[in-house]
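For reference, the chains in residue letters:
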Amino acid sequence: MHAPHLATTATVNRSGTVSRADAGLVVLLGATPGDVIGHQLESFGTTLADVTNIRECVRAAAEGQTGQAQVSFRSSDDELYVQLVATASGDEIVVAVIDETARVQEERDLAASQRRWQSLARNAADIVFTIQDDGTLASVTSALPRRLGWDVEDVVGLYGLRFVHPDDRPAAGAAWIAVSQGRSQQETLEVRLVQADRSVTWSRIVITDLRRDPDVGAVVGNTTDITEQKLAQMRQHQEQARFRARFEQSLLPQTMHAVDETFVAANDVFCTLVGRTR
């Protein structure tokens, strides 16, 4: 194991052979003094590029400059990422070895996380977008062309409400104002969005205020297509309306009962037959 940002030193001659190494460096490398002293410093480089960079770092110090390099070192338990700073001291060169493994790993983990997020955003069916304080779109994921037919570069900088059906703009505008003015952390609404060909699709939009999140710093929207769900609901409502019309207009007495046999509905013919009102 190694401590993050641990600065240790090695003393080398002008050809790069280690003559002295402090205990911290030996521990950092997971080695013994005999594994370090008498060996070329460049021999601890992991790759050919690392070996070359270590050699150039030592050479710069030998020429009276300050040699610097960021390289990876071989270690007994894992790979080390270090920064080298070499300066001449008489006939010898002192090389400070600064352990930056933790920082490099954090940066790599962050970069990997960002790549995963970007991949998910690119391939997700949902449209994710960020909104400026003035209501214009700051960014939109690449699902936009597949979902609505608009090119991303054509919508960035435009007002988001422009792509909402006119009848749904009051509700969408109210949700945006509630979030943008800090009265609500999150708003969910179902609206119709206008596609590039002027047809409409139904979407569920969740607008969340992430302006205080240092990794986001914006109001973020997530748009999920619910067109099929809405069409199914409309068909169900139409079927219910047709059934109700047939029920009411039937020339035969009609009733509907709950599970416990109580009446829940009766048409006019039935009411006339029994001499009662509804």
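Thresholds, definitions, all that
Residues numbered from 1 in each chain as written. Predicted model: local features only at pLDDT ≥ 70, side-chain atom pairs only at ≥ 80, totals over all residues. Heavy atoms only, no water. Helix = DSSP H or I, 4+ residues; strand = E, 2+ residues; numbered from the N terminus. Rg over C-alpha atoms; globule rule 2.2 N^0.38 Å. Buried < 20%, exposed > 50% of the residue type's maximum accessible area, 1.4 Å probe, protein only. Contact = heavy atoms within 4.5 Å. Lys, Arg positive; Asp, Glu negative; His and termini not counted. Charge placed at Lys NZ, Arg CZ, Asp CG, Glu CD. Core = buried A, V, L, I, M, F, W, Y, C linked by side-chain atoms within 4.5 Å. Pairing = 2+ DSSP bridges. Expected span 1.5 Å × (residues − 1). Axes fitted to C-alpha atoms, helices over the stretch in contact; angles between N-to-C directions. pLDDT = per-residue confidence, 0-100.

### Considering the overall build of the protein
Argument step 1. The helix and strand tally for the protein stands at 9 helices and 12 strands.
Argument step 2. Computed over C-alpha atoms, the radius of gyration of the protein comes to 35 Å, more than 25% over the 19 Å expected from 2.2 N^0.38 for 278 residues, which places it beyond the range of a compact globule.
Argument step 3. Projected onto its principal axes, the C-alpha coordinates of the protein cover approximately 120 × 45 × 35 Å.
Argument step 4. Buried residues in the protein amount to 36% of all 278 residues.
Argument step 5. A fraction of 37% describes how many contacts in the protein between residues 6 or more apart in sequence connect residues 24 or more apart.
Argument step 6. The centroid of the 27 positive side-chain charges in the protein is displaced by 9 Å from the centroid of its 37 negative side-chain charges.

### A closer look at the nonpolar core
Argument step 1. If you look at the biggest cluster of nonpolar residues, it comprises 24 residues, and the most contacted ones within it are Leu41, Phe73, Leu84, Val95 and Val97.
Argument step 2. Secondary-structure elements contributing two or more residues to this core are β1 (7–12), α1 (23–29), α3 (48–62), β3 (67–73), β4 (80–89) and β5 (92–99).
Argument step 3. Among residues more than four places away in sequence, those in contact with Val95 are Thr8, Thr9, Ala10, Val12, Leu41, Leu84, Val85 and Ala86.
Argument step 4. One finds Ala172, Ala175, Val191 and Val219 within the second-largest nonpolar core, a separate group that totals 22 residues.

### Thoughts on the pairing of strand β6 (residues 127–131)
Argument step 1. Burial analysis of β6 places 5 of its 5 residues in the buried class, the great majority of the element.
Argument step 2. Here β6 shows no split at all, with Ile127, Phe129 and Ile131 on one side and Val128 and Thr130 on the other all buried.
Argument step 3. Bridging between β6 and strand β10 (residues 218–225) involves 5 bridges; their strand directions are antiparallel. Each bridged residue has a counterpart across the sheet, and for Val128 the counterpart in β10 is Asn222.
Argument step 4. Looking at chain direction, β6 and strand β7 (residues 137–140) are connected through 3 bridges and run antiparallel. In the strand pairing of β7, Phe129 is matched with Val140.

### Observations concerning α3
Argument step 1. End to end, α3 covers 21 Å across 15 residues, agreeing with the expected 21 Å (1.5 Å per residue, within 8%).
Argument step 2. When we look at burial in α3, the residues that qualify are Asp50, Val51, Ile54, Cys57, Val58, Ala60 and Ala61.
Argument step 3. Taken together, the buried residues of α3 touch β1, β3, β4 and β5.
Argument step 4. Just downstream of α3 lies Gly64, where phi reads positive at about 90 degrees.

### So, the sheet that holds strand β9 (residues 200–210)
Argument step 1. Reading across the sheet, the 5 strands line up as β7-β6-β10-β9-β8 and stay open at both edges, with antiparallel pairing between neighbours. Two strands lie at the open edges of the sheet, namely β7 and β8 (186–194), each paired on one side alone. This sheet shows a mean twist of 25 degrees between the axes of neighbouring strands, independent of strand direction.
Argument step 2. In the packing of helix α8 (residues 227–249) onto the sheet, the strands contacted are β8, β9 and β10, and the crossing angle to β9 comes to about 125 degrees.

### Focus on helix α7 (residues 169–180)
Argument step 1. In this model α7 runs 16 Å from its N-terminal to its C-terminal C-alpha over 12 residues, within 8% of the 16 Å that 1.5 Å per residue would give.
Argument step 2. Along α7, the residues classified as buried are Ala172, Gly173, Ala175, Trp176, Ala178, Val179 and Ser180.
Argument step 3. In the segment just after α7, Gly182 is the residue with positive phi, at about 80 degrees.

### Some points on the confidence of the model for the protein
Detailed reading of the predicted coordinates is not advisable wherever pLDDT is low.
Argument step 1. The predicted model of the protein averages 89 in pLDDT, with 94% of residues at 70 or higher.
Argument step 2. When the criterion is pLDDT under 50, residues 1–5 qualifies, and its contacts beyond four places in sequence or with other chains add up to 13 contacts.

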